[in-house]
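# Residue-level structure breakdown
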Amino acid sequence: MSIYPDKKNGKLTGRFCVEVQHEGKRLRGRKDTYKEAQALEAEFERMFKAGIAQVAKRKFSKDHSKPHTLSEAVSSASGKVWAGLASEADNLNKLSTFLSVIGDRDLDSITAEHVDDLASHLLSSGRSEATLNRYMSAISVFLGWCIERGYRSQPVPKMDWREESEGRIRWLTYEEERLMIAHTRDDIPAIIRVAIDTGLRASELLRLDEKGDIAPNWIHLWKTKNGAARSVPISSETYATLSRLLDKGMPSYSHLRYEWDKATNEIGLGHDEDFVFHTCRHTYATRLVEANVNLRVIQRLMGHKRIETTMRYAHVHDAMLTEAAAMARSFHDSRRSVARVIYNTQKCGLAEVREIAKGPLFIDGKDTENCGSNGAGVAELVDAPDLGSDQKYS
């Protein structure tokens, strides 16, 4: 059986192991869904049939040997290439996927065609163009690191970078938040609440350490995705929740992913590819925008290096756009009304305009015969001491 449920410490993780053997050689990998596992199994079998599934024959120690193959270099990269960054584990996982797709081989033999093989595999598995770019970025950095240390003599292959759209920003409604909390188990409901209340990424939240990372009013993040430390204010309730989670031990990412996916299917959102745990972070930013928090403040809270990243959240709320447009229309309609009164005062005479303003000629902001105003307070405007006679009707 080449596909079987993955376990850790005797407990199911929600992922699937893939293991294919051929003539004494073995390729192994793990995937988050059964469909992805089937695709990886088919890829392993294709590699064996094509004769491109290579396995390192020599013993290798990452501390004392110079790596020559992809698997050896990936082993050496741990704790070095992305050391100190929260993205380290994610990038190493990307390299492992690359290894599982193209098979182990000499570092100098890796070409653009192998990167294309990875791209085909990812796209056939339903991954987005943006995700593909993240994989290529990790590979590019990794191979550059290998070149700098003399592990590889060939230049980094040319990457076929994909055009990325801004994409859809998906956030949770208050009802979706309630449902997700109701349909998850163990400590995952608490993790969801904290993520929505702080905007922390999964990698930041699950790696919090009680030694200096949290205080009664703050979370201090020393390792973030972009390498820049930041601090996020928290409520006393969030502090109490985090203290309890840290005392008990944070859940694993695989357990969080399993519970999230299970709950999304149960509430009928399994078809929504954008409804992932990172949606909690989008929800935090979106609710800050809805509360009219300054975008520069939101940038600091989110840890964005570029304000353009934060600006994406300024366009997500249709109600805010509608309200802004209505305010602009109201403002300019009132200015047009004043200007029209001034125009008619000059044209018709003050007494006549005062009589028109008192009459029933103003309907929905339009004067059916003489003037253009909403009628409310026009007589007062006519009698005002200074109407600004230099203004012109437009």
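Up top you'll find the structure we're talking about.
We now turn to the structure provided with this report.

Thresholds, definitions, all that
Residues numbered from 1 in each chain as written. Predicted model: local features only at pLDDT ≥ 70, side-chain atom pairs only at ≥ 80, totals over all residues. Heavy atoms only, no water. Helix = DSSP H or I, 4+ residues; strand = E, 2+ residues; numbered from the N terminus. Buried < 20%, exposed > 50% of the residue type's maximum accessible area, 1.4 Å probe, protein only. Contact = heavy atoms within 4.5 Å. Areas by Shrake-Rupley, 256 points an atom, 1.4 Å probe, with all protein chains shown as cover. Salt bridge = Lys/Arg side-chain N within 4 Å of Asp/Glu carboxyl O. Pairing = 2+ DSSP bridges. Axes fitted to C-alpha atoms, helices over the stretch in contact; angles between N-to-C directions. Parallel < 35°, antiparallel > 145°, perpendicular 65-115°, else oblique. Nonpolar A, V, L, I, M, F, W, Y, C, P; charged D, E, K, R; others polar.

## Let's talk about the overall build of the protein chain
Looking only at helices and strands, the protein chain features 16 helices and eight strands. Taking all 394 residues of the protein chain together, the buried fraction comes to 41%. When contacts within the protein chain are restricted to residue pairs at least 6 apart in sequence, those whose partners lie at least 24 apart make up 56%. Accessible area of the protein chain: about 22,100 Å², with a carbon and sulfur share of 50%.

## What about the pattern of salt bridges?
Following the criterion strictly, the structure yields 21 salt bridges and no others. The salt bridge partner of Glu 43 is Arg 46, with a shortest N-O separation of 2.5 Å. With Glu 43 and Arg 46 both in helix α1 (residues 34-50), this residue pair falls three residues apart, about one helical turn. For the salt bridge of Arg 170 with Glu 176, the shortest nitrogen-to-oxygen distance reads 2.9 Å.

## Notes on the side chain of Thr 241
The residue Thr 241 is located in helix α9 (residues 236-248) in this model. Ignoring any residue separated from it by four or fewer positions in sequence, one finds Thr 241 in contact with Ala 190 and Val 194.

## A word on the environment of Pro 216
Following the sequence through the fold, Pro 216 ends up in the loop between β4 (214-215) and β5 (218-221). Since its relative accessible area comes to 47%, Pro 216 is described here as partly exposed. The spacing of Pro 216 and Glu 237 is 21 residues in sequence and 9.4 Å in space, taken between C-alpha atoms. Leave out the neighbours within four places in its chain, and Pro 216 touches Ile 234, Ser 235 and Tyr 239.

## Here we look at the sheet that holds strand β6 (residues 230-233)
Spatially, three strands are ordered β4-β5-β6 in an open sheet, and the strand pairing comes out antiparallel. Edge positions in the open sheet fall to β4 and β6, since each of these has one partner strand only. In terms of strand pairing, β4 meets β5 through two bridges, oriented antiparallel. Looking at β5, one finds that Ile 214 is bridged to Ile 219.

## A word on the packing of helix α3 (residues 88-102) against helix α5 (residues 129-148)
As a packed pair, α3 and α5 sit with axes 9 Å apart at the nearest point and diverge in direction by 90 degrees. One way to sum up the angle between α3 and α5 is to call them roughly perpendicular. Contact residues: α3 offers Asn 91, Lys 94, Leu 95, Thr 97 and Phe 98, while α5 offers Arg 134, Tyr 135, Ala 138, Ile 139 and Phe 142. The residue inventory of the contact of α3 with α5, partitioned by class, reads six nonpolar, two polar and two charged.

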